[in-house]
Amino acid sequence: MQKIAVLISGRGSNMLSLAARCREERWPARIVAVISNRPGAAGLEAATGLGLPAESIDHKAFAERADFDAALAERLEALEVDWIVLAGFMRVLGEAFVARFEGRIVNIHPSLLPSFPGLHTHRRALEAGVRLHGATVHLVTSSLDLGPIVAQAAVPVLDGDDPDGLAERVLAVEHRLYPMALRWLVEGRIIVEGQRCRLRDPREGEMQWFVASPPA
Ligand code: GRF
């Protein structure tokens, strides 16, 4: 059984969708820890409610970013995790941390990367006038939001969208996309070739992308 740690900073809705699908679909993995860098994160309580071990490592308790990273790395090593799953985790992890767990750190980003890395993706997508926005699951490398792409889902931008409305529709696809992609990873079904990821044996109908249908 592989071990997953989910790192969060906020409400943890992606963490909850991963936990639900991991259990329902009997992945060869289980979530051994939900860790927040913010002690007050709502997701911690939600995790506890599901019976998941939840804890916080407050980044504010550390003078330097590298010290926080080291404490987090130590905890993850003590837990012997196979996968470090970032789900709304709002801290950039330094190069040393990433190198230590290379290939085992996964993130979901609310845009179609490489468009709109960084923050405020929904507002920036609206300002840029793109008609397709979305979400990306990728492996984490030391270049922010630019690691190999495991899967993407596109969300149409509608006339009259504002950042909040668009964010809500992107979040709905994130809750489908992240479990799909993480399951493939824990099942060893993703082959990484440089910047590209592909499914080892695509089963019928399985693709590394989908498009959310626009609301009727
Ligand atoms: C998601 O949109 C995720 O892509 C982004 O932060 C948000 C986290 O939401 N990085 P939640 O905490 O999973 O509800």
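Quick caveat: nothing in here was measured; it's all calculated off a predicted structure.

Participant: What's the story with the packing of helix α1 (residues 13-24) against helix α6 (residues 163-186) in this structure? I'm lost.
Facilitator: Running from amino to carboxyl end, α1 crosses α6 at an angle of 45°, the nearest separation of the two axes being 9 Å. By the angle between their axes, α1 is oblique relative to α6. Along this stretch, α1 crosses α6, giving a crossing that reads as right-handed. For the pair α1 and α6, the contacting residues are Ser-13, Asn-14, Ser-17, Leu-18 and Arg-21 in the first and Leu-171, Glu-174, His-175, Arg-176, Tyr-178, Pro-179, Met-180 and Leu-182 in the second. The residue makeup of the contact of α1 with α6, split by class, is six nonpolar, four polar and three charged.

Participant: Could you clarify how one ought to interpret the domain arrangement of the protein in this entry?
Facilitator: For an interface, size is often stated in terms of accessible area lost upon the parts coming together. In terms of domains, the protein is made up of domain 1 (1-101) and domain 2 (109-216). Each of domain 1 and domain 2 has a C-alpha centre, and the two are 20 Å apart. Contacts between the two partners involve 20 residues from domain 1 and, on the opposite side, 17 residues from domain 2. Taken together, both faces of the contact between domain 1 and domain 2 bury some 1,600 Å²; the carbon and sulfur share is 71%. For the domain 1 face of the interface with domain 2, the top three residues by lost area are Asn-14, Trp-27 and Trp-83, together amounting to 29%. Run the count over domain 1 and domain 2 and you get one salt bridge. The interface formed by domain 1 and domain 2 contains five residue pairs in polar contact (both at pLDDT 80 or more).

Participant: Where do I start with unusual backbone geometry in this structure?
Facilitator: Note on backbone geometry: most residues besides glycine have negative phi, and most peptide bonds are trans. In the segment running from Leu-113 into Pro-114, the intervening peptide bond is cis, with an omega of 10°. Within the secondary structure, Pro-114 sits in the loop between β5 (105-109) and α5 (121-128). Of note, the phi angle at Glu-80 is positive, near 55°, even though the residue is not glycine. Counting through the fold element by element, Glu-80 comes out in the loop between α3 (65-78) and β4 (83-86). Assessed through its relative accessible area of 55%, Glu-80 is described here as exposed. Phi angles above zero are rare outside glycine, and His-120 is one such case at about 55°. Following the sequence through the fold, His-120 ends up in the loop between β5 and α5.

Conventions and cut-offs
- Residues numbered from 1 in each chain as written.
- Predicted model: local features only at pLDDT ≥ 70, side-chain atom pairs only at ≥ 80, totals over all residues.
- Heavy atoms only, no water.
- Axes fitted to C-alpha atoms, helices over the stretch in contact; angles between N-to-C directions.
- Helix = DSSP H or I, 4+ residues; strand = E, 2+ residues; numbered from the N terminus.
- Parallel < 35°, antiparallel > 145°, perpendicular 65-115°, else oblique.
- Left-handed = near helix turned anticlockwise from the far one by under 90°.
- Contact = heavy atoms within 4.5 Å.
- Nonpolar A, V, L, I, M, F, W, Y, C, P; charged D, E, K, R; others polar.
- Domains from an automatic or database assignment.
- Buried area = accessible area lost by both parts, 1.4 Å probe.
- Salt bridge = Lys/Arg side-chain N within 4 Å of Asp/Glu carboxyl O.
- Polar contact = N/O pair within 3.5 Å; in protein donor to acceptor, adjacent residues only side chain to side chain.
- Buried < 20%, exposed > 50% of the residue type's maximum accessible area, 1.4 Å probe, protein only.

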